[in-house]
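Architecture and fold: a report
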Amino acid sequence: MQLSDSISNLLQYSKLDYLPTFPEAIDPTFLFDLKQHIENNPDYRAKRRAWAKTKPQYRDLYRIKYEFFEEWVGEHLSLLEDDIKVFLCEHSDLNVDEATQAFCMKWKGYSSTYGEEFVRRAIMRRVK
């Protein structure tokens, strides 16, 4: 053994065992598209303005939008996903399109807030 030998010659190990494996991203643009969509909702904007008044340390509009969206997603999106999970357990025989229609008919608040497109995408995220 010489000092010029590389570490890979000295320590024989498989590099494939140490490569990180990331889970497959299911609909990676969902949150970005949801943020774009929810900005058009006047109730959401009113809640964000009221929230910003309670946080005088945030003066930057982009930071206010980001922080409020993060907080809003933590509360509301998890509630949507939990309701979808319960709904899919009760109606396991429906496909995605039928489940979207039935879910939007049962809970009209979600369809008015998110629209059928985002409810369908949330169901797709839950199914896979």
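As a starting point, this report considers the structure included with it.

Re the packing of aromatic side chains
Within this structure, the stated rule accounts for 13 aromatic pairs. Pairing F103 with Y110 gives two aromatic rings, centres 5.5 Å apart and planes at 20 degrees, and the pair type is stacked. F103 sits in the buried class, given a relative accessible area of 0%. Through a chain of ring-to-ring contacts, the aromatic side chains of Y44, W51, Y58, F68, F69, W72, F87, F103, W107, Y110 and Y114 assemble into a single cluster.

Looking at the layout of surface pockets
Using a probe with the size of a water molecule, rolled over the atoms, empty space left in the structure can be pinpointed. Taken as a whole, the largest pocket spans an internal volume of roughly 200 Å³. If you go around the largest pocket, you meet 14 residues; those closest to its centre are I38, N41, K47, W72 and T113. Every element with two or more residues in the lining of the largest pocket is listed here: α2 (30-38), α3 (42-53), α4 (61-90) and α6 (108-113). Considering every element that reaches the lining of the largest pocket, the biggest residue donor is α6, with four residues.

Structural notes on the pattern of salt bridges
Inspection of the entire model under this criterion finds eight salt bridges. Across the pair D27 and R121 runs a salt bridge, and its minimum N-O distance is 2.8 Å. One end of the pair, D27, is in the loop between α1 (7-10) and α2; the other, R121, is in helix α7 (residues 115-127), and 94 residues separate them in sequence. Owing to a relative accessible area of 25%, D27 belongs among the partly exposed residues under this scheme. For R121, a relative accessible area of 14% puts it in the buried group. Salt-bridge contacts for E90 lead to K106; the nearest nitrogen and oxygen are separated by 3.6 Å. In this pair, E90 sits in helix α4 while K106 sits in helix α5 (residues 96-106), placing the two residues 16 residues apart along the sequence.

Here we look at α7
Since one α-helical turn is 3.6 residues long, residues separated by three or four positions face the same way. Helix length check: α7, at 13 residues, gives a terminal C-alpha distance of 19 Å against a target of 18 Å (1.5 Å per residue), a fit within 8%. In the core, the buried residues of α7 are packed alongside α2, α4, α5 and α6.

Some points on α3
Under the 1.5 Å per step criterion, the end-to-end length of α3 is 17 Å for twelve residues, consistent within 8% with the ideal 16 Å. Where α3 is concerned, the buried positions are Y44, R48 and W51. Buried residues of α3 fall within an arc of 65 degrees about the axis and therefore sit on the same side. Among the exposed residues of α3, those oriented more than 90 degrees off its buried face are D43 and K53. Contact partners of the buried residues in α3: α2 and α4. For α3, the capping residue at the N-terminal end is N41, with a side-chain oxygen 3.0 Å from the backbone nitrogen of D43.

What counts and how
- Residues numbered from 1 in each chain as written.
- Predicted model: local features only at pLDDT ≥ 70, side-chain atom pairs only at ≥ 80, totals over all residues.
- Heavy atoms only, no water.
- Phe/Tyr/Trp six-rings, centres within 6.5 Å; stacked < 30°, edge-to-face > 60°.
- Buried < 20%, exposed > 50% of the residue type's maximum accessible area, 1.4 Å probe, protein only.
- 1 Å grid on protein atoms, 1.4 Å probe; cavity = no way out; pocket = protein on both sides within 12 Å on 5 of 7 lines; lining within 4 Å.
- Points joined across faces, edges and corners; volume = space filled by probe spheres on them.
- Helix = DSSP H or I, 4+ residues; strand = E, 2+ residues; numbered from the N terminus.
- Salt bridge = Lys/Arg side-chain N within 4 Å of Asp/Glu carboxyl O.
- Expected span 1.5 Å × (residues − 1).
- Contact = heavy atoms within 4.5 Å.
- Arc of directions from axis to C-beta.
- Polar contact = N/O pair within 3.5 Å; in protein donor to acceptor, adjacent residues only side chain to side chain.

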